[in-house]
Amino acid sequence: MFQLHGWEALLFYFLAFMTLVMAVFVVTARLAIHSALFLIATLVEISLLFILLRAEFVAGVQILVYVGGVMVLFLFVIMLVQTRAEEESRVKLYNSQSVLAYIVAALLAASFYFAVYPAQTAFRPPDNSASAAVAEEGVAGQSGTGLISKDTQNVGEALYRQAALPFEIASLLLLVAMVGAVWLARTTKQEKKGYE
Amino acid sequence: METLAFSILQSFYLLLLQTPAESRLQRFEPSLVNFMMVSFLLFIIGVAGVLSRRNIIIIFMSIELILNAVNLNLIAFSRYLQSSQEIYKQSKNITVSPLTGPVFTIFIIVVAAAEAAVGLAIVISLFRNRETVEIDEIDLLKW
């Protein structure tokens, strides 16, 4: 069974706590730009959690695509559409259904608790050492020789062998999204130019 | 009174002695449930943000939080499944593919990037026409 020991366990609790705190700050920040910076912190911490789970490739993709791409896009849009209205304290940040929203969120949390609590013992690592030895061997075989992880190789092989068609469809989706974004964000001047 | 307190302390001490030090520490080591808790709390925070905020850009960021919660859940499940793959095969004759989690995560990241690009383009064109990013002022399609 995969298990985090010692310092890794401590690091997990620290990262989990910081992720949740930063996520709360994302939702409650007054200015959109602060929200974006807190979201960057959350994404970096989630990628560190991925590294704890030995998913190095996904962690790298998370940093490159989310922090390097999507968040820069967010910051550009915040720069373009800032109204400076939120800096005044009288502006409403939450809509009229916010109390209802928190009740719904609390109900979701309660439903998760009642769903997981009976099953909690099932997720505990098994005590018999024979199966644990087999699992350790499997993990060691996956991680390859030496310190270099084989995670990237495994994910790449899975992407190109088992998921080749969805991979191509994803590239097409990105192309369509790019063209659509450019088409949607034209100015009226550019629009008129296009019709002539 | 003192004897009662002493006996309580003694029983605690005996409890601590009875459980070996390793298992006492192991009880606090994170397992799949802890990763599920983190991802679910992240999901709930995202849901609360989507439902309660007025700024449309912050709503988009909450959607990113939700997608990241799903990613974390997928990766945690795939990793814990990978380490018990052999056990599943031997005891229950179930073949599992632990790489489905990372592959799905990469597709989710791709879809999130596309969604953010198109959504933010819509925000820009909306701001150009209506001069607002507050969702309760954008009610043209409401009856």
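Treat the numbers as computed from the prediction; the structure is a model and nothing was measured.

A. Geometry of the interface of chain B and chain A. Between chain B and chain A, the residue contacts involve 72 residues of the former and 87 residues of the latter. Both sides of the chain B and chain A interface together cover about 7,200 Å² of buried area, and 78% of this is carbon and sulfur. Where chain B packs against chain A, one counts 1 salt bridge. Measuring nitrogen to oxygen at the nearest pair gives 3.7 Å for the salt bridge that ties Arg79 of chain B to Asp151 of chain A. Applying the counting criterion to the chain B and chain A interface returns 12 residue pairs in polar contact (both at pLDDT 80 or more). Top contributing element to the side of chain B that touches chain A by residue count: helix α6 (residues 100-130) of chain B, with 22 residues. When grouped by side-chain class, the residues that make up the side of chain B that touches chain A number 49 nonpolar, 14 polar and 9 charged.

B. A look at unusual backbone geometry. Backbone geometry at Arg54 of chain A places phi at a positive 60 degrees, although glycine is not the residue there. On the secondary structure map, Arg54 of chain A appears in the loop between α2 (32-52) and α3 (56-81). Even without glycine at this site, Glu131 of chain B takes up a positive phi of about 60 degrees. You can see Glu131 of chain B is positioned in the segment after α6.

C. Representation of α2 of chain A in the model. For α2 of chain A, with 21 residues, the first-to-last C-alpha span of 30 Å sits near the 30 Å given by 1.5 Å per residue. Looking at the packing, one finds that the buried side of α2 of chain A touches α1 (6-28) and α3 of chain A together with α3 (32-52) and α4 (56-83) of chain B. Immediately beyond the C-terminal end of α2 of chain A, within one or two residues, lies Arg54 of chain A, with a positive phi of roughly 60 degrees.

D. Quick look at the packing of aromatic side chains. Going through the model one piece at a time under the given rule, you end up with 8 aromatic pairs over all chains. Look at Phe25 of chain A and Phe38 of chain A: their rings are 5.0 Å apart centre to centre, the planes differ by 50 degrees, and that puts the pair in the tilted class. You can see Phe25 of chain A sitting in helix α1 and its partner Phe38 of chain A sitting in helix α2, a full 13 residues away along the chain. Phe38 of chain A sits in the partly exposed class, given a relative accessible area of 27%. Clustering of aromatic rings is evident, with ring pairs tying together Phe12 and Tyr13 of chain A together with Phe35 and Tyr80 of chain B.

E. Geometry of the packing of helix α4 (residues 98-116) of chain A against α3 of chain B. At a minimum axis distance of 8 Å, the contact between α4 of chain A and α3 of chain B shows a crossing angle of 165 degrees. The angle between the axes of α4 of chain A and α3 of chain B places the two elements in the roughly antiparallel class. Both α4 of chain A and α3 of chain B take part in a crossing whose hand is right-handed. Residues Ser98, Ala101, Tyr102, Val104, Ala105, Leu108, Ala109, Phe112 and Val116 of chain A of α4 of chain A lie in contact with α3 of chain B, whose contacting residues are Val33, Met36, Met37, Phe40, Ile44, Val47, Ala48, Leu51 and Ser52 of chain B. Of the residues assigned to the contact of α4 of chain A with α3 of chain B, the class counts are 16 nonpolar, 2 polar and no charged.

F. Region of the structure containing the nonpolar core. Counting residues in each nonpolar core, the largest one holds 63 residues, and the members touching the most others are Phe74 of chain A together with Ile57 of chain B. Sorting the residues of this core by element identifies α1, α2, α3 and α4 of chain A together with α3, α4 and α6 of chain B as the ones contributing at least two each. Apart from the residues within four sequence positions on either side, Phe74 of chain A is in contact with Ile57, Phe60, Met61, Glu64, Ala116 and Leu120 of chain B.

G. Up close: the confidence of the model for chain A. When pLDDT is averaged along chain A, the result is 82; 83% of the residues meet or exceed 70. Segment residues 128-144 of chain A: pLDDT under 50, and 15 contacts once partners within four positions in sequence are set aside and those in other chains are kept.

The rules behind these values
- Residues numbered from 1 in each chain as written.
- Chains lettered and ligands numbered in written order.
- Predicted model: local features only at pLDDT ≥ 70, side-chain atom pairs only at ≥ 80, totals over all residues.
- Heavy atoms only, no water.
- Contact = heavy atoms within 4.5 Å.
- Buried area = accessible area lost by both parts, 1.4 Å probe.
- Salt bridge = Lys/Arg side-chain N within 4 Å of Asp/Glu carboxyl O.
- Polar contact = N/O pair within 3.5 Å; in protein donor to acceptor, adjacent residues only side chain to side chain.
- Helix = DSSP H or I, 4+ residues; strand = E, 2+ residues; numbered from the N terminus.
- Nonpolar A, V, L, I, M, F, W, Y, C, P; charged D, E, K, R; others polar.
- Expected span 1.5 Å × (residues − 1).
- Phe/Tyr/Trp six-rings, centres within 6.5 Å; stacked < 30°, edge-to-face > 60°.
- Buried < 20%, exposed > 50% of the residue type's maximum accessible area, 1.4 Å probe, protein only.
- Axes fitted to C-alpha atoms, helices over the stretch in contact; angles between N-to-C directions.
- Parallel < 35°, antiparallel > 145°, perpendicular 65-115°, else oblique.
- Left-handed = near helix turned anticlockwise from the far one by under 90°.
- Core = buried A, V, L, I, M, F, W, Y, C linked by side-chain atoms within 4.5 Å.
- pLDDT = per-residue confidence, 0-100.

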